[in-house]
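Overview (structure and organization)
Read off the chains here:
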Amino acid sequence: MSAPAREFLRALPKVELHCHFASTIRPGRLVAWARERGVALASEDPADLARYTGLADFLRSFNAAHAVFRSSDDIALVAHEGVRAAVATTNLRYREYHVNPGNFAELGLPWPSVLAGLVQGLTRAEQEFGVGFGIVPAINRARDLAAAHAVLDVVLAHPHPAVVGLGQDDLAADGYESPTAWEPVYRRAREAGLRTTAHVGEIATSTAASVLEAVEVLQLDRVDHGYHVVDDPVAVDRAREAGVHFCCTPTSAHLLSGWALDADHPVARMVEAGLSVNLSTDDEVFFDTSLQAEYEHVGLDLGLDRQALERIALDGVEASFAPEATRERLRAEVLALTGT
Ligand SMILES: [Zn+2]
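Note that the structure is a prediction, hence the values are computed from the model and not measured.

1. Thoughts on helix H12 (residues 250–257)
Because an α-helix packs 3.6 residues into every turn, residues spaced three or four apart end up facing the same way. Considered for burial, the residues of H12 that qualify are Pro-250, Thr-251, Ser-252, Ala-253 and Leu-256. In the stretch just after H12, Gly-258 is the one whose phi turns positive, near 85 degrees.

Set out below in structure tokens:
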């Protein structure tokens, strides 16, 4: 089976589901605003920003980057520029953003301002480039349960059709993923009609059992990462039967967890095992990556063929939290290219 051509990888209509909004800032803008606004970055060289000793080290950079945003207009500008940059290199058609209301609120940007900026910038981008969007507020696992409830309170107090789910970021204070600690918040979110996703199965201390436990306890629609599920074939079968979707990020898994970008990468093993998988950048500016680069890694380095990439594109459409009419349009775009 020959490797898919770069042109096919570029033209394939893409849905991105695991994308942290603050990380869609362009490297030049991040560095310029940090200088102008007195925000200390780990480095002012974008290539250096992608060098980490591990997830905790990366998270310091990620959290610090929120401090360059000062207004709703800043959010709108970054949102628009992020889509423009993505469509310049690949056929992005729809993207969902993890946005951390707590991080912005601590810096003086309350959720209504953040949401207004996102909707303004992303709507403008949708009109210009036809890229749809959804917003998935994230609770911060480094804070306590009361803080997570407070994030959900403010999200539910400002409903918007683009706010489609609840997710999470950062790590628990003890350095563990601890996804199930947030069960009461996830239950409230589900009862309020939000879909759910959680970061789990990424770090060395997580296991296949902890991935399954998170899926069951939090009643997840999606898992962000989830790589350790492949450690146990029985868990893989159960995850497949549960129909849960995995939002995978090959480059961040390589940089933070040390999996080589080759046929043994967990993303290749997950796809081979028949799990529902899609590809995302996670934190584009901090991992010096792009959605096109993620697809090139999977098609050219991990060795997945065209059929597998078509399946990844379609799995992303089905797993998105977009309305059915949007998913129908996206599905048709993928099938129009692949001709199946
Ligand atoms: Zn993430």
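From this point on, the discussion continues.
2. As for the coordination of the zinc ion
Coordination of the zinc ion by the protein involves His-18 (NE2), His-20 (NE2), His-199 (NE2) and Asp-282 (OD), with metal-donor separations of 2.1 to 2.3 Å. Bound by four donor atoms, the zinc ion shows angles of 83 to 174 degrees at the metal and therefore irregular coordination geometry. Summarised as a motif, the one-chain spacing of the donors to the zinc ion is H-x1-H-x178-H-x82-D. Taken together, the residues span a long stretch of sequence, with His-18 in strand E1 (residues 14–20) and Asp-282 in the loop between strand E8 (276–279) and helix H14 (284–287) at a distance of 264 residues. For His-18, a relative accessible area of 0% corresponds to the buried category. Since its relative accessible area comes to 4%, Asp-282 is described here as buried.

3. A few points about the environment of Leu-302
Note that Leu-302 resides in the loop between helix H15 (291–301) and helix H16 (306–319). Given the relative accessible area of 4%, Leu-302 is considered buried. Excluding its chain neighbours within four sequence positions, the residues that come into contact with Leu-302 are Leu-261, Asp-262, Ala-263, His-265, Val-267, Ala-268 and His-297.

4. Describing the nonpolar core
By size, the foremost hydrophobic cluster in this structure holds 110 residues, and its most contacted members are Phe-21, Phe-69, Ile-135 and Phe-246. Setting aside residues up to four positions removed in sequence, Phe-246 forms contacts with Val-211, Val-223, His-225, Gly-226, Val-229, Ala-239, Met-270, Leu-275, Ser-276, Val-277 and Asn-278.

5. A word on the side chain of Glu-310
As for its placement among the helices and strands, Glu-310 is situated in helix H16. No salt bridge is formed by the buried Glu-310, whose closest oppositely charged neighbour, Arg-311, lies at an N-O distance of 6.0 Å. Polar contacts involving the side chain of Glu-310 include one to the side chain of Thr-338, which spans 3.3 Å.

The rules we used
Residues numbered from 1 in each chain as written. Predicted model: local features only at pLDDT ≥ 70, side-chain atom pairs only at ≥ 80, totals over all residues. Heavy atoms only, no water. Buried < 20%, exposed > 50% of the residue type's maximum accessible area, 1.4 Å probe, protein only. Helix = DSSP H or I, 4+ residues; strand = E, 2+ residues; numbered from the N terminus. Donors = N, O, S within 2.8 Å, 3.2 Å for Na, K, Ca; no water. Tetrahedral: all angles 85-135°; square planar, octahedral: opposite > 155°, others 65-115°. Contact = heavy atoms within 4.5 Å. Core = buried A, V, L, I, M, F, W, Y, C linked by side-chain atoms within 4.5 Å. Lys, Arg positive; Asp, Glu negative; His and termini not counted. Salt bridge = Lys/Arg side-chain N within 4 Å of Asp/Glu carboxyl O. Polar contact = N/O pair within 3.5 Å; in protein donor to acceptor, adjacent residues only side chain to side chain.

Geometry only, nothing functional implied.
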